[in-house]
Amino acid sequence: MSTQTISRKADFPGMVNADGSPWHYLDTAATSQKPQAVVDAMANALGRDYATVHRGVYSRSAEMTLGYEAARRKVAGLVGGVEDEIVFTRGATEAINLVAATWGAANLKAGDRVLLSVLEHHSNIVPWQMLRDRVGIEIDVCPLTDDGRIDLDAARQLVDERTKLIALAHVSNVLGSRLDTAKAAELARSVGAKLLLDGCQAVPRTKVDVKALDCDFYVFSAHKIYGPTGIGALWAKKDILDAMPPYQGGGSMIDRVTFEKTTWADAPQRFEAGTPAITEAIAFAAAVDYVEGIGIERIAAHEDDLVRKARAELAKINSLRLFGPDDSAGIVSFQLGDIHPHDLGTILDEENVAIRAGHHCAQPLMDHLGVPATARASFGLYSDEDDIAALIRGIERTMRIFG
Ligand code: PMP
């Protein structure tokens, strides 16, 4: 598929510099730019349509409540779930913390095992360490294959009937490697463990169907899929969600409060204490509409095409070490000789190319790769071959500067 058929820079007000010159934004894995449709949805929700949800007896509030709950339906549909299974959170980070603090604290005890992998984002490591400190679980770490995939064959040696949860990235935010989800589900079932998938990087570039994935929890953030910051979602199987104790206490999550005893609202409201991120939810739904209007399969094919081209160009540079598998999803990490990624990122910035340089919230993976940081170029539906050409020009200039 030609990249020209999908690149929609014009829809994204953030994709040009103030003077109108192009900006080569290659940091979509950190956060995506927003289409005007999402900016407009957010502005309308904050402006002409603004009111609270769930409590108001006046019509504007009733309409906002309908909009908020329609957003929940839309977001559920994005991952093949239904509305009752979706909890709005501040993002994937909060969603994992919620699972650890509620389901984890209620169901895991000292000696139970949780399997993670070397390439996990800190948000899928630290909450489990906090739970370890609280209840004494053990954390096992699945190794990677040479090309940077989670090695589920090796994982077989790391699970037994004490393994209660397997929590893995669906797509790595550093290597772009895709999890073999069928094998992960089979592994979890073989020992009766629950399966949590961190879908942050998968949802923007993969058709997700939680039923087909056969997972128990699926987490993602709106801002990675062309929506706003401050909102994300936890999808969980309804029976698991129904049995989970609350996360935070406050308004909206209760059934009845007295000083003697408080009873909880049903899920998902039980997990949404306080006034929710109303405008963000509306804008999240607008982002899902935008993406579905293009088609996630087209976006995936477009990004796959760009990744192939970028990897082929980068591989021609002698001193450049490429990380991750050849078929990485939308994300390419590399190291340019002994030039620090921050220096590369700074020089690329002078060329209007924005990449990410750092540990990408995956320090254990950096240790595994033997580098303090990597340079990372990541693509979105608006990326095109000009962005790759600008990246390569910038790398060549950096090499000249560093001799
Ligand atoms: N997991 C992965 C794989 C990610 O890429 C990110 C964001 N970099 C997160 C979790 C955390 O997402 P958020 O910061 O939106 O909560």
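The name an unreviewed UniProt entry assigns to the protein is Cysteine desulfurase, from the organism Croceicoccus pelagius. According to the UniProt record, the Catalytic activity (unreviewed entry) comment for the protein reads "(sulfur carrier)-H + L-cysteine = (sulfur carrier)-SH + L-alanine".

Asker: Got a minute to help me understand helix H10 (residues 296-315) in this structure?
Answerer: A rise of 1.5 Å per residue sets the reference length of H10, with its 20 residues, at 28 Å; its end C-alpha atoms lie 28 Å apart and thus fit the reference within 8%. All of the buried residues along H10 are Ile 296, Ile 299, Ala 300, His 302, Glu 303, Asp 305, Leu 306, Val 307, Ala 310, Arg 311 and Leu 314.

Asker: In this structure, what is going on with the sheet that holds strand E4 (residues 138-142)? I would like to understand it.
Answerer: Sheet strands line up and pair through hydrogen bonds in the backbone, either parallel or antiparallel. Ordered in space as E2-E8-E7-E6-E5-E3-E4, the seven strands form an open sheet in which the pairing is mixed. The two strands at the open ends of the sheet, each matched to only one other strand, are strand E2 (86-89) and E4. If you compare each strand with its neighbour and ignore which way they point, the axes differ by 20 degrees on average. Sheet topology note: the strand E6 (residues 194-198)/strand E7 (residues 217-221) ladder contains three bridges and is parallel. Paired with Asp 198 across the bridge in E7 is Val 219. Along the sheet, helix H2 (residues 59-78) contacts E2, E7 and strand E8 (232-236); its crossing angle with E2, the most-contacted strand, is approximately 110 degrees. Strands strand E3 (113-117), E4, strand E5 (163-169) and E6 of the sheet are contacted by helix H4 (residues 126-135), whose axis makes an angle of about 150 degrees with E4.

Asker: Explanation requested: the site of the ligand in the structure shown.
Answerer: Residues in contact with the ligand, as listed here, are Gly 91, Ala 92, Thr 93, His 121, Ser 123, Asn 173, Asp 198, Cys 200, Gln 201, Ser 221, His 223 and Lys 224. One nitrogen or oxygen atom from the side chain of Asp 198 is found 2.5 Å from a nitrogen atom belonging to the ligand. In this structure, an oxygen atom belonging to the ligand sits 2.8 Å away from a side-chain N or O atom of Gln 201. Burial of the ligand by the surrounding chains reaches 85%, relative to a free accessible area of 400 Å². The residue makeup of the shell around the ligand, split by class, is two nonpolar, eight polar and two charged.

Asker: Sorry if this is basic, but what is going on with the pairing of strand E12 (residues 331-336) here?
Answerer: Along any regular strand, the residues point their side chains to alternate faces of the sheet. The buried fraction of E12 amounts to six of the six residues, a majority that puts the element mostly inside the structure. By the alternation rule, side chains of E12 split into Ile 331, Ser 333 and Gln 335 and Val 332, Phe 334 and Leu 336, which are all buried. In terms of strand pairing, strand E11 (residues 320-323) meets E12 through four bridges, oriented antiparallel. Bridge assignment links Arg 321 to a residue of E12, and that residue is Gln 335.

Asker: How should I be thinking about the pairing of E6 in this particular structure?
Answerer: For E6, the buried fraction is high: four of the five residues fall into the buried class. Here E5 runs beside E6; their pairing, made up of five bridges, is parallel. Residue pairing in the sheet places Ala 167 in a bridge with Leu 196 of E6. As a crossover connection, the stretch from E5 through helix H6 (residues 181-191) into E6 is right-handed.

Asker: Is there a simple way to explain the nonpolar core in this structure?
Answerer: One recurring pattern in soluble globular proteins is that nonpolar side chains are buried together. The biggest cluster of nonpolar side chains holds 74 residues, and the ones touching the most others in it are Val 79, Ile 166, Tyr 218, Phe 220, Phe 284 and Leu 365. Broken down by element, the residue count for this core peaks at nine residues, all from helix H9 (residues 278-294). Leave out the neighbours within four places in its chain, and Phe 284 touches Val 75, Phe 88, Phe 220, Ala 222, Ile 225, Pro 228, Ile 231 and Gly 232. Ranked by size, the runner-up nonpolar core spans 27 residues in total, among them Ala 92, Trp 103, Ile 137 and Ala 167.

Asker: Whenever I open this one, the side chain of Arg 72 confuses me. Can you help?
Answerer: Along the chain, the position of Arg 72 falls in helix H2. Arg 72 sits in the buried class, given a relative accessible area of 1%.

Asker: Is there a simple way to think about the environment of Leu 175 in this case?
Answerer: Its location among the elements puts Leu 175 in the loop between E5 and H6. Of the residues examined, Leu 175 reaches a relative accessible area of 1% and is grouped as buried. Taking the C-alpha atoms as reference points, Leu 175 and Ile 331, 156 residues apart in sequence, are found 6.4 Å from one another.

Asker: Looking at this structure, how should I read the packing of helix H11 (residues 341-350) against helix H13 (residues 385-401)?
Answerer: Between two packed helices, the angle of one axis relative to the other and the distance separating the axes together describe the packing. One way to put it is that H11 packs onto H13 with a least axis distance of 9 Å and a crossing angle of 120 degrees. Relative to H13, H11 is oriented oblique. Regarding H11 and H13, the two cross each other, and that crossing is right-handed. When H11 is examined against H13, the residues Leu 344, Ile 347, Leu 348 and Glu 350 are found in contact with a partner set consisting of Leu 391, Gly 394, Ile 395, Arg 397, Thr 398 and Ile 401. Residues that form the contact of H11 with H13 fall into these classes: six nonpolar, two polar and two charged.

Asker: What's the story with the confidence of the model for the protein in this structure? I'm lost.
Answerer: Reading fine detail from the predicted coordinates is not recommended where pLDDT is low. Overall, the predicted model of the protein reaches an average pLDDT of 96, with 99% of residues at or above 70. Of the two predicted TM-score estimates for the complex, the pTM is 0.97 and the ipTM is 0.99.

Asker: Hey, could you run me through the sheet that holds strand E15 (residues 374-378) in this one?
Answerer: One open sheet holds the four strands; their spatial order is E11-E12-E15-E14, and the pairing between them is antiparallel. The open sheet has two free edges, formed respectively by E11 and strand E14 (356-358), since each of these has just one partner strand. Each strand axis lies, on average, 30 degrees off the axis of its neighbour in the sheet, ignoring direction. Where E14 meets E15, three bridges bridge the pair, whose relative direction is antiparallel. In the sheet register, Gly 358 faces E15, and the bridge partner there is Thr 374. H13 rests against E11, E12 and E15 of the sheet, and its axis sits at about 10 degrees to E12.

The rules behind these values
Residues numbered from 1 in each chain as written. Predicted model: local features only at pLDDT ≥ 70, side-chain atom pairs only at ≥ 80, totals over all residues. Heavy atoms only, no water. UniProt positions renumbered as here; feature names shortened; annotations may be inferred. Helix = DSSP H or I, 4+ residues; strand = E, 2+ residues; numbered from the N terminus. Expected span 1.5 Å × (residues − 1). Buried < 20%, exposed > 50% of the residue type's maximum accessible area, 1.4 Å probe, protein only. Pairing = 2+ DSSP bridges. Axes fitted to C-alpha atoms, helices over the stretch in contact; angles between N-to-C directions. Contact = heavy atoms within 4.5 Å. Near = heavy atom within 4 Å. Polar contact = N/O pair within 3.5 Å; in protein donor to acceptor, adjacent residues only side chain to side chain. Areas by Shrake-Rupley, 256 points an atom, 1.4 Å probe, with all protein chains shown as cover. Nonpolar A, V, L, I, M, F, W, Y, C, P; charged D, E, K, R; others polar. Right-handed = clockwise from strand over helix to strand, strands pointing away. Core = buried A, V, L, I, M, F, W, Y, C linked by side-chain atoms within 4.5 Å. Parallel < 35°, antiparallel > 145°, perpendicular 65-115°, else oblique. Left-handed = near helix turned anticlockwise from the far one by under 90°. pLDDT = per-residue confidence, 0-100.

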